[in-house]
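# Commentary on secondary and tertiary structure
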Amino acid sequence: TVQATNLPKLNPSSSRSTRKRYDLKRVFPWLTAVSLNLDPGLDVCIRKPLIATCSTDRTVRIWNYMDMTLEAMKEFEEQALSVAFHPSGFHLVVGFADRIRMMNILVDDIIPFKDITIKTAMKFLFSHGGDKFAVANNQNVHVYYFYTAENPGNMVYKEHSGRVTCIRWHQVMKSVLLLVSINL
């Protein structure tokens, strides 16, 4: 999760052309290719120049890294723990302590449209086409259909010997690959 110190607020009345430009290297001095893969509170869209962050100040923000602008921001009652972009760039999945929320990204707002009850969802990853997403919570991985939010029983992978630390989708077979941390 991104620390909330010195994060700018979005002025809801600002138009797209008058948005303030930010030096994202100053806002996120730790922003490197390595941190993008390791921080569950940050994700990069594959089809648009956007970064999604969730922060300790209970906000989810969408940043445009080409224009250096804050595109949208949503404040919640509780702190978001993790975030993932849908491959289209029009949707987000955000993890909270007791649920995950599926959200639509509008021009200057983020609107929740579906909640799924699952605890401590710390890692998300959409399939390459975006029709499914995998959720890791401790030692289990659940695969959901994005458009229906269904989780078929044969798509729950349980009882790993350690905490799931990474999820990847196989490029050809469209199946989930897991990396598990084992405490020896």
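What follows is about the pairing of strand S8 (residues 110–117). Strand direction decides the pairing type here: strand S7 (residues 99–105) and S8, joined by 7 bridges, are antiparallel. The residue of S8 that forms the bridge with Met 102 is Lys 114. In textbook terms, the turn of a hairpin is the stretch between consecutive antiparallel strands, and for S7 and S8 this stretch comprises 4 residues.

If you walk through the whole model with that rule in mind, you get 7 aromatic pairs. A centroid spacing of 5.4 Å and a plane angle of 70° characterise the contact between Phe 126 and Phe 146, whose relative ring orientation is edge-to-face. Of this pair, Phe 126 sits in strand S9 (residues 123–126) while Phe 146 sits in the loop between strand S11 (140–145) and strand S12 (156–157); the two residues are 20 residues apart in sequence, bridging distant segments of the chain. Look at Phe 133 and Tyr 144: their rings are 5.5 Å apart centre to centre, the planes differ by 20°, and that puts the pair in the stacked class. Separated by 11 residues along the polypeptide, Phe 133 in strand S10 (residues 132–137) and Tyr 144 in strand S11 bring together distant segments of the chain. Taking relative accessible area as the criterion, Phe 133 reaches 0% and is therefore assigned buried. The class for Tyr 144 is buried, based on a relative accessible area of 6%. Among the aromatic residues, those joined into a ring-pair cluster are Phe 113, Phe 126, Phe 133, Tyr 144, Phe 146 and Tyr 147.

This brings us to the nonpolar core. Judged by nonpolar contacts, the single largest core of 17 residues is most densely connected at Val 60, Ile 62, Phe 85, Leu 92, Val 94, Met 103 and Ile 110. Elements with a minimum of two residues in this core: strand S2 (50–54), strand S3 (59–64), strand S5 (82–85), strand S6 (91–95) and S7. If sequence neighbours within four positions are ignored, Phe 85 has contacts with Asp 43, Val 44, Cys 45, Leu 50, Ile 51, Ala 52, Ile 62, His 91, Leu 92, Ile 105 and Phe 126. Among the nonpolar cores identified, the runner-up in size contains 14 residues, and Val 93, Met 102, Ala 121 and Val 135 belong to it.

Taken together, 4 strands build an open sheet; the order of strands is S1-S2-S3-S4 and the sheet is antiparallel. Sheet topology places strand S1 (42–44) and strand S4 (69–75) at the edges, where each strand pairs with a single neighbour. Sheet twist, expressed as the mean angle between neighbouring strand axes with direction ignored, is 15°. Pairing between S1 and S2: 3 bridges, direction antiparallel. Its bridge partner lying in S2, Leu 42 is registered against Thr 53.

We now examine the pairing of S2. Burial of S2 is extensive: 5 of the 5 residues sit out of reach of the surface. Here S2 shows two buried faces, one formed by Leu 50, Ala 52 and Cys 54 and the other by Ile 51 and Thr 53. Taking the residues between adjacent antiparallel strands as the criterion, S1 and S2 are bridged by 5 residues. As defined by bridge partners, S2 adjoins S3 across 5 bridges and the pair is classed as antiparallel. Counterpart to Leu 50 in the pairing with S3 is Asn 64. Counted between consecutive antiparallel strands, the loop separating S2 from S3 contains 4 residues, among which Arg 58 sits at a positive phi close to 70°.

Time to look at the sheet that holds S7. Spatially, S5-S6-S7-S8 is the arrangement adopted by the 4 strands of the open sheet, whose pairing is antiparallel. The open sheet has two free edges, formed respectively by S5 and S8, since each of these has just one partner strand. Strand after strand, the sheet turns through a mean of 20° between neighbouring axes, direction not considered.

This part is about the pattern of salt bridges. Evaluated as defined, the whole model comprises 7 salt bridges. Ionic pairing is found between Arg 58 and Glu 75, a salt bridge with its closest N-O pair at 3.5 Å. Linking Arg 58 in the loop between S2 and S3 with Glu 75 in strand S4, this pair joins segments that are 17 residues apart in sequence. Taking relative accessible area as the criterion, Arg 58 reaches 34% and is therefore assigned partly exposed. Taking the shortest distance from any N to any O, the salt bridge between Asp 131 and Lys 132 comes out at 3.4 Å. For Asp 131, a relative accessible area of 35% translates into the label partly exposed. One network of salt bridges, with partners in common, ties together Glu 78, Asp 98, Arg 99, Arg 101 and Asp 115.

Criteria and thresholds
- Every chain is numbered independently, its residues counted from 1 as its sequence is written.
- Note on the predicted model: pLDDT of at least 70 is required for a residue's local features to be given, and 80 or more for side-chain atom pairs to be given and counted; whole-chain, interface and lining totals, by contrast, use all residues.
- Hydrogens and water are ignored here; the side-chain numbers use all heavy atoms of the structure.
- Here, a strand pair is defined by DSSP locating no fewer than two bridges between the strands.
- Numbering of helices and strands runs from the N terminus; a helix is a DSSP stretch of H or I covering at least four residues, while a strand is a stretch of E covering at least two.
- Planes of paired rings set the category: under 30 degrees apart is stacked, over 60 is edge-to-face and the rest tilted, where pairs are Phe, Tyr or Trp rings (Trp by its six-membered ring) whose centres lie within 6.5 Å.
- Exposure classes here rest on a 1.4 Å probe applied to the protein chains alone. A residue is buried below 20% of its type maximum, exposed above 50%, and partly exposed in between.
- What we call a nonpolar core is a set of buried Ala, Val, Leu, Ile, Met, Phe, Trp, Tyr and Cys residues that are connected through their side-chain atoms within 4.5 Å.
- Any two residues having at least one pair of non-hydrogen atoms within 4.5 Å are treated as being in contact.
- Note on geometry: axes are lines fitted to C-alpha atoms, helical ones only across the stretch in contact, with angles between N-to-C directions running from 0 to 180 degrees.
- The salt bridge definition used is simple: a Lys or Arg side-chain nitrogen within 4 Å of an Asp or Glu carboxyl oxygen.

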